[in-house]
Structure formats: C-alpha cells, structure tokens
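Take a look at the letters that make up each chain.
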Amino acid sequence: MSHVLGLELRREAPPLLGPLLSSFPHPAGSWPSQILRSNHGFSITSLTGPPRLLGAPSKTAGEMNILAPVRRDRVLAELPQCLRKEAALHVHKDFHPRVTCACQEHRTGTVGFKISKVIVVGDLSVGKTCLINRFCKDTFDKNYKATIGVDFEMERFEVLGVPFSLQLWDTAGQERFKCIASTYYRGAQAIIIVFNLNDVASLEHTRQWLADALKENDPANVLLFLVGSKKDLSTPAQYVLMEKDALKVAQELKAEYWAVSSLTGENVREFFFRVAALTFEANVLAELEKSGARRIGDVVRIHSDDSNLYLTASKKKPTCCP
Ligand SMILES: Nc1nc2c(ncn2[C@@H]2O[C@H](COP(=O)(O)OP(=O)(O)OP(=O)(O)O)[C@@H](O)[C@H]2O)c(=O)[nH]1
Ligand SMILES: [Mg+2]
C-alpha cells in the first residue's frame, strides 16, 4: 500500500478502474492520471486528504460514487433531438449508423469505460450551478451562492446499451475566481456556454468565454453548446427577441442552441441527454476510426472529422451497417 498525494493506493486493481480513473478530475491533467497510467494496477481504497487548493473541487472519490450503477432514467435508446434546427450540431433523427452498428456488435472499444469531461462556463450568476443541480439532483436554490473556483458532478448514462459517463465541471463566473477555474478547462469533450436569456450582455460575453475555453482545448475535438438560462423569467415576446440574437451567436460559434429553466426544469433533462448522446456518438466514431486505421496498419488519424459534428456528420458513408 502506498500514499501518493494523499491517496491511499493498493495494488490488485479491478481492470475497469484504470480507464475509468484515467480521466478523473484533476487540475490541468496531473495527479490521478499519472498514478493510474503507471501500469502497476493501483486501485483507490480511500482518500486520506487529497491536495486541497483554494477553489478545488470539494468532492472526494468516495463521495463521487464513481462506480454507481446507471439509473433507469438515464438510459438512452434513441437520439434525443435538437431544440432548433437552425443551430444544431446535427439534425439527424438517429445515431450515426456506424455507431448503432458498433453498439449492437459490442465494438465500442474503451468508450464504455471512459469518462467524458464537460465544462460549463459563462458569466457570474447566469445559472450554471442551478442548471447542473437541476439535472443531477433535481433541486433548485433561489439563493445565489457563488461558485468558488470549480466543482463537479458525475452522471452515468447508458447509451444504446453501452455505459457512458459524463463529468460535469461547474466553473466560477466571477472574475476573481476565473484563473482558478480556467486551469480545469483542459481535456473537455464538450463545452457548455451559459448566458441569461434576460441579460443581453451575458450573451455578448459568450464569445469571450468560448475563446478562453478553446485556449485549453482543440476546437476540432470539442462539441459546443450555447444555453440560454432562466427562460421562466422571459415573457414569450421577450423570449422571441432574445432567441433571434442567440441563434445568430450560436451559428457564429458553431454551437448547438438550447433554452432552459432550472426553476421549472423546462428542457433541462432534454438538454443533458442531448449532450450525453452527441458526446457518446463522437467518442464511438473516433474509436471506430482509430481501430479501423490500426487494422489496416496505415496512418492513425488523431483528429476525427466526425467528432466535430456541426454540419459535417453526413460527410462519411457508413462502412458497416447501411
Ligand atoms: N428564475 C430563475 N432563477 C434562476 C434560474 N437559474 C438560476 N437562477 C438564480 O440565479 C442565481 C444564480 O444562479 P447560480 O446557478 O448560482 O449562478 P452561477 O452561474 O453558478 O454563478 P457563479 O457560480 O457565480 O458563476 C440564483 O439566485 C438562482 O436561484 C432559473 O432558471 N430561473
Ligand atoms: Mg455557480
């Protein structure tokens, strides 16, 4: 047994734990992944005081319950549809045929063991924390408590019969905590940029939030979502006006547009299911491309066109199922 950075480690790891934890939350991709990539077969048995930075996530591995079974209401058998066709990552009715086929034939590689990182950014008080809490805990707090640095939630899904996990990173919108939060941007597979549907300045600022997040991530490998929050506070007429502007920004950013209310729950579940489904789809396509390239012993493409689904999903013909 050994202690590394406050983690009590034991050899004899269950085989699934390595890949699961290889993307465990960590500042700038450092500690747990290094431990678990060391091929010694470690497993985490308890946490004896991991390094606590100001603003670092408050949860421990035990609290995260990383191996929790998938809840019945997190099972996706079909592709959830976009909100607005004008600003969607793609508008296909079903999952990519290659993805469906791979899932049926159990050829999804390591996708079922991976945790995909999703970061949520946007101005202070736009409702990022409430959005995550509405989905993950089905709660809503009307009192504003600023997020200090970052926090995260884990959500387990089953997509087309394959387990799939999202790590939702809730970041601080307040300027003074921004530099802490931005150290957690790296390695995101999806970026959710939130603005307040009742505050046009927060929509304007989404460009800067995205630019900052993309400093740490390859634009070709992330899915973008632009989310208008607090829909319950707009009258229908106000909403229509704001939506017009928001759709333009979403098209400019190549992001999929959503409008939600964490107070009423409107569109919250639909939105996160869409995020899970599209992230899963991109992961499986990338995995298939990787294994295909390996099989023919040719060039391994690192950047999959399919992972950037905005308007490009129909570029390739499926090679397995019709
Ligand atoms: N009416 C209404 N209020 C909301 C909604 N979502 C959030 N709020 C309120 O807006 C305030 C800010 O919400 P938070 O979720 O804490 O905002 P945040 O974006 O996480 O803020 P920072 O952590 O400072 O970046 C709180 O008082 C919430 O109750 C919503 O959908 N409708
Ligand atoms: Mg917050």
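Residues numbered from 1 in each chain as written. Chains lettered and ligands numbered in written order. Predicted model: local features only at pLDDT ≥ 70, side-chain atom pairs only at ≥ 80, totals over all residues. Heavy atoms only, no water.

In the nomenclature of an unreviewed UniProt entry, the protein corresponds to Ras-related protein Rab-34 from the organism Ursus maritimus. UniProt, in its Catalytic activity (unreviewed entry) section for the protein, records the words "GTP + H2O = GDP + phosphate + H(+)". According to the UniProt record, the Cofactor (unreviewed entry) comment for the protein is "Mg(2+)". (UniProt positions renumbered as here; feature names shortened; annotations may be inferred.)

Novice: Describe the overall build of the protein, with residues and values.
Specialist: From N to C terminus, the protein includes 10 helices and 10 strands. In the protein, once contacts between residues fewer than 6 apart in sequence are set aside, the share between residues at least 24 apart is 77%. Only carbon and sulfur atoms are counted for the fraction: they give 56% of the accessible area of the protein, which is about 15300 Å². (Helix = DSSP H or I, 4+ residues; strand = E, 2+ residues; numbered from the N terminus. Contact = heavy atoms within 4.5 Å. Areas by Shrake-Rupley, 256 points an atom, 1.4 Å probe, with all protein chains shown as cover.)

Novice: Which residues make up the confidence of the model for the protein, and what are the values?
Specialist: Chain-level statistics for the protein give a pLDDT mean of 79 and a share of 70% at 70 or above. Below a pLDDT of 50 lies the segment residues 1-54, which in the model reaches 98 contacts outside its immediate sequence neighbourhood of four places, other chains included. Low pLDDT, under 50, characterises residues 296-319; the predicted model gives this stretch 50 contacts beyond four residues in sequence or across chains. Two numbers describe this predicted complex: its pTM, 0.78, and its ipTM, 1.00. (pLDDT = per-residue confidence, 0-100.)

Novice: Requested: an account of the pattern of salt bridges, with residues and values cited.
Specialist: Following the criterion strictly, the structure yields 17 salt bridges and no others. One salt bridge connects Arg84 with Glu243, and the closest N-O pair in it is separated by 2.4 Å. Taken together, the residues span a long stretch of sequence, with Arg84 in the loop between β4 (75-76) and α4 (97-104) and Glu243 in helix α9 (residues 236-253) at a distance of 159 residues. For Arg84, a relative accessible area of 24% corresponds to the partly exposed category. On the basis of relative accessible area, Glu243 is assigned to the buried category, the value being 11%. (Salt bridge = Lys/Arg side-chain N within 4 Å of Asp/Glu carboxyl O. Buried < 20%, exposed > 50% of the residue type's maximum accessible area, 1.4 Å probe, protein only.)

Novice: How would you summarise the coordination of the magnesium ion (ligand 2) if you had to cite specific residues and measurements?
Specialist: Around the magnesium ion (ligand 2), the protein contributes the donor atoms Thr129 (OG1) and Thr147 (OG1), which lie 2.0 Å from the metal centre. With Thr129 in helix α5 (residues 128-137) and Thr147 in the loop between α5 and β6 (150-159), this residue pair connects regions lying 18 residues apart in the sequence. Taking the relative accessible area as the measure of exposure, Thr147 reaches 16% and is therefore buried. (Donors = N, O, S within 2.8 Å, 3.2 Å for Na, K, Ca; no water.)

Novice: Lay out the packing of aromatic side chains with the relevant residues and their values.
Specialist: Within the structure shown, the criterion is met by 11 aromatic pairs. Note on Phe152 and Trp169: the rings are 5.1 Å apart at their centroids and 40° apart in plane angle, and the pair reads as tilted. Taken together, the positions of Phe152 in strand β6 and Trp169 in strand β7 (residues 162-171) put the pair 17 residues apart, joining distant regions of the chain. Overall, the relative accessible area of 3% leaves Phe152 in the buried class. For Trp169, a relative accessible area of 0% translates into the label buried. Put simply, the rings of Phe135, Phe157, Phe225, Trp258, Phe271, Phe272 and Phe273 touch in pairs and so form one group of aromatic residues. Positioned above the aromatic ring of Phe135 is the side chain of Arg74, whose terminal nitrogen or guanidinium carbon lies 4.0 Å from the ring centre. A cation sits over an aromatic face here: Lys231 above Tyr239, 4.6 Å from the ring centre. (Phe/Tyr/Trp six-rings, centres within 6.5 Å; stacked < 30°, edge-to-face > 60°. Lys NZ or Arg CZ within 6 Å of the ring centre and 35° of its normal.)

Novice: Could you give an account of the site of ligand 1, with specific residues and numbers?
Specialist: Close contacts around ligand 1 come from 24 residues, with Lys128, Asp141, Tyr144, Gly173 and Asp232 the closest. Gly173 has a polar backbone atom sitting 2.7 Å from an oxygen atom of ligand 1. One of the side-chain N or O atoms of Lys230 is found 2.9 Å from an oxygen atom in ligand 1. Burial of ligand 1 by the surrounding chains reaches 93%, relative to a free accessible area of 650 Å². Its residues assigned to classes, the shell around ligand 1 comprises 9 nonpolar, 8 polar and 7 charged. (Near = heavy atom within 4 Å. Polar contact = N/O pair within 3.5 Å; in protein donor to acceptor, adjacent residues only side chain to side chain. Nonpolar A, V, L, I, M, F, W, Y, C, P; charged D, E, K, R; others polar.)

Novice: I'd like a rundown of the sheet that holds strand β8 (residues 190-196), residues and numbers included.
Specialist: Spatially, the 7 strands line up as an open sheet ordered β4-β6-β7-β5-β8-β9-β10, and their pairing is mixed. Looking at strand neighbours, the two that pair on one side only are β4 and β10 (256-259), the edges of this open sheet. Looking at chain direction, strand β5 (residues 115-122) and β7 are connected through 6 bridges and run parallel. In the strand pairing of β7, Val120 is matched with Asp170. Strands in contact with helix α8 (residues 206-215) are β5, β8 and β9 (223-229); relative to β8, the strand with the most contacts, it is inclined by about 160°. Against the sheet, α9 engages β8, β9 and β10, with an angle of about 155° to β10. (Pairing = 2+ DSSP bridges. Axes fitted to C-alpha atoms, helices over the stretch in contact; angles between N-to-C directions.)

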